[in-house]
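Report on the structure
What follows is the residue order along each chain.
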Amino acid sequence: MSQIPTIKQVRAYTLKGGGADYHDQADGHWIDDHIATPMSKYPEFRQSRRSFGINVLGTLVVEIEDSAGNVGFAVTTGGEPAAYIVEKHLARFLEGAKVTDIERIWDQMYLSTLYYGRKGIVINTISGVDLAMWDLLGKVRGEPVHQLLGGAVRDELQFYATGARPDLAQNMGFIGGKMPLHHGPAEGEEGLRRNLEELATMRERVGPDFWLMLDCWMSLDLNYATRLAQGAQAHGLKWIEEALPPDDYWGYAALKKNVPTGMLVTTGEHEATRWGFRQLLEMGCCDIIQPDVGWCGGITELLKISALADAHQALVIPHGSSVYSYHFVATRHNSPFAEFLMMAPKADEVVPMFHPQLLGEPVPVQGRMRLSALDKPGFGVELNPACELQRPYTH
Ligand SMILES: C[C@H](O)[C@H](O)CC(=O)C(=O)O
Ligand SMILES: [Mg+2]
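Residues numbered from 1 in each chain as written. Chains lettered and ligands numbered in written order. Predicted model: local features only at pLDDT ≥ 70, side-chain atom pairs only at ≥ 80, totals over all residues. Heavy atoms only, no water.

What follows concerns the nonpolar core. If you look at the biggest cluster of nonpolar residues, it comprises 119 residues, and the most contacted ones within it are I64, L94, I240 and Y324. No other element matches helix α3 (residues 120-141), which puts 10 residues into this core. In contact with L94, other than residues within four places in its own chain, are I7, V10, I64, I105, M109, V129 and M133. Counting seven residues, the second largest nonpolar core, distinct from the first, contains Y160, M213, I288 and F337. (Core = buried A, V, L, I, M, F, W, Y, C linked by side-chain atoms within 4.5 Å. Buried < 20%, exposed > 50% of the residue type's maximum accessible area, 1.4 Å probe, protein only. Helix = DSSP H or I, 4+ residues; strand = E, 2+ residues; numbered from the N terminus. Contact = heavy atoms within 4.5 Å.)

Our focus in this paragraph is the coordination of the magnesium ion (ligand 2). Working reference: metal with six octahedral donors, ideal angles 90 or 180 degrees; metal with four tetrahedral donors, ideal angle 109.5 degrees. Within the protein, the magnesium ion (ligand 2) binds to D215 (OD), E241 (OE) and E269 (OE); these donor distances fall in the range 2.0 to 2.1 Å. Each donor residue of the magnesium ion (ligand 2) belongs to the same chain, with the gaps between them written as D-x25-E-x27-E. Remark: E269 occurs in the loop between β8 (264-267) and α9 (273-282) and E241 occurs in strand β7 (residues 237-241); sequence separation between them is 28 residues. (Donors = N, O, S within 2.8 Å, 3.2 Å for Na, K, Ca; no water.)

The next thing to look at is the confidence of the model for the protein. On average, the protein scores 98 in pLDDT, and the residues at 70 or more come to 100%. This prediction of the complex comes with two scores: 0.98 for pTM and 0.99 for ipTM. (pLDDT = per-residue confidence, 0-100.)

We now examine the packing of aromatic side chains. Applying the stated rule across the entire model yields 14 aromatic pairs. Ring centres of Y22 and W295 lie 6.4 Å apart, and the angle between their planes is 15°; this geometry places the pair in the stacked category. Residue Y22 is found in the loop between β1 (7-15) and β2 (59-66), and its partner W295 is found in the loop between β9 (288-289) and α10 (298-311); the two are separated by 273 residues along the sequence. Since its relative accessible area comes to 6%, Y22 is described here as buried. For W295, a relative accessible area of 12% puts it in the buried group. With centroids separated by 5.4 Å and ring planes inclined at 90°, the aromatic side chains of F159 and Y326 adopt a geometry described as edge-to-face. Here F159, found in strand β4 (residues 156-162), pairs with Y326, found in helix α11 (residues 322-329); they are 167 residues apart in sequence, far enough to count as distant. (Phe/Tyr/Trp six-rings, centres within 6.5 Å; stacked < 30°, edge-to-face > 60°.)

According to UniProt, the "site: Increases basicity of active site His" (unreviewed entry) feature falls on D292. With respect to the helices and strands, D292 occurs in the loop between β9 and α10. We classify D292 as buried; its relative accessible area is 4%. Contact partners of D292, with chain neighbours within four places excluded, come to E269, H319 and S321. (UniProt positions renumbered as here; feature names shortened; annotations may be inferred.)

As structure tokens, then:
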């Protein structure tokens, strides 16, 4: 057997302007147009999520170089604080280890950060390192990550689209459209009426069979979410997403009982690790969990989360996360479709989800992606040299 390379150096960089921090968009983008959030109760932060700092972090780029000169990399949300954690804390667990030591390195990163980590930016950072490890291993072996995960269970991925224009997404061949909710509880009965009107208008445009979903981005309370779900039944809402703050497991368990029969409750994009998802699953909080591969602990942790979900008869439809999600979804029976976030400012065309940071990032065509689009070593993408990397810390 040929010798397994060891890890020579870990480097962390930052980048601004869209990409893995996909909320960091210019004025006029649908993703920052009066979307309901937990901050909407403060009128001064209602119109724009950037006004309360949704884009302060930027992108973290992790690069891992091995003794044979192979370089694996990954991007996630995290920016400078995450770069600090990689360089000053996590790099020690990688350098000198074998490129195959993924499970042990994950465990050491998680256990050594428990006293300040567990969720949020620390787990985003661990996810970024983990994804870069999988990318490196794929490049060392000359195999796509989906093959390293045990192989694909389907030849083609199917996508729903998230954006302001499900009607356009329907014409582009997607299987459904998820719209942002625009008005939160602080906008009262008038806001609720408008939310339902927007849904009704979209239902009229797309006809009776196209999936329509609402993304509430943690903005509601149980009473409002229940009334929204009940009102939305007349308009064939398929699921109500992330209605409540992620820590309110009890609220989700109650909401799942309150929604009309057949309507699904989904959540989890801001949840992390097998422990967080165990709580959601055991408490019967939702029908579909939506871990973000770049935020939940990376591929290594998502494999565990997915097995747990399967045993609870819950589907795993990862949130966003571009190629990191595509390679994973291809390999799981309980991930029958995937999300595509429409990053065009008017949601009127398909652009790569992490544009402009990656080169070779595949996109759905007619709402579908052939497995052959993923048949390149690692995650099959490269960093776009036109994006200027900063390395704020070294070790
Ligand atoms: C549209 C949502 O508010 C958010 O920006 C994206 C998201 O939650 C999702 O894609 O799901
Ligand atoms: Mg969402």
